[in-house]
Amino acid sequence: MTRLGEFFAKKSINKSDVARKTGLSKPRLTELTNNPQTKLRADELYLIALAIDVDPGELLEYVCQGLKLKNT
């Protein structure tokens, strides 16, 4: 499961509703929430945040939690 998948599970978000509201396909949302190798595009994240009524920055911080610069 991906960080986005964890967010969906934690908030009990229905992927079918998100797909309908965003125009993203159900298979794409399943891929984004289940496969850690799948890359989430910025436009997808923004549309998902709007669809679930969450601040896009909050969703971005949650999804990218743990990322760090290499040499700081």
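Because the structure is a prediction, the values reported are computed rather than measured. (Residues numbered from 1 in each chain as written. Predicted model: local features only at pLDDT ≥ 70, side-chain atom pairs only at ≥ 80, totals over all residues. Heavy atoms only, no water.)

**Student:** Explanation requested: the nonpolar core in the structure shown.
**Tutor:** If you look at soluble globular proteins, the nonpolar side chains tend to sit buried side by side. Phe7, Phe8, Val18, Leu29, Ile48, Ile52 and Leu59 are the most contacted members of the largest nonpolar core, which has 17 residues in total. Sorting the residues of this core by element identifies α1 (3–11), α2 (15–22), α3 (26–34), α4 (42–51) and α5 (56–63) as the ones contributing at least two each. No other element matches α4, which puts 4 residues into this core. Among all residues touching Ile48, those that are not within four sequence positions of it are Leu4, Phe8, Val18, Thr22, Leu24, Leu29, Leu32, Leu40 and Leu59. (Core = buried A, V, L, I, M, F, W, Y, C linked by side-chain atoms within 4.5 Å. Buried < 20%, exposed > 50% of the residue type's maximum accessible area, 1.4 Å probe, protein only. Helix = DSSP H or I, 4+ residues; strand = E, 2+ residues; numbered from the N terminus. Contact = heavy atoms within 4.5 Å.)

**Student:** Is there a simple way to think about the packing of aromatic side chains in this case?
**Tutor:** The geometry of two aromatic rings is summed up by the distance between their centres and the angle between their planes. Counted according to the given criterion, the structure contains 1 aromatic pair. Seen from the ring of Tyr62, Arg3 lies directly overhead, with NZ or CZ sitting 4.0 Å from the centre. (Phe/Tyr/Trp six-rings, centres within 6.5 Å; stacked < 30°, edge-to-face > 60°. Lys NZ or Arg CZ within 6 Å of the ring centre and 35° of its normal.)

**Student:** Explanation requested: the pattern of salt bridges in the structure shown.
**Tutor:** Pairs can form between side chains of opposite charge whenever their charged atoms are close. All chains considered together, the criterion is met by 5 salt bridges. A salt bridge links Arg28 to Glu44; the shortest N-O distance between them is 2.8 Å. With Arg28 in helix α3 and Glu44 in helix α4, this residue pair connects regions lying 16 residues apart in the sequence. Note on Arg28: relative accessible area 24%, which makes it partly exposed. Overall, Glu44 belongs to the buried group, its relative accessible area being 2%. Among the ionic pairs, Arg41 bridges to Asp43, the shortest N-O distance being 3.0 Å. The partly exposed category is assigned to Arg41, whose relative accessible area is 45%. For Asp43, a relative accessible area of 41% gives the class partly exposed. Each of the salt bridges in this network shares a partner with another, and the network as a whole consists of Arg28, Arg41, Asp43 and Glu44. (Salt bridge = Lys/Arg side-chain N within 4 Å of Asp/Glu carboxyl O.)

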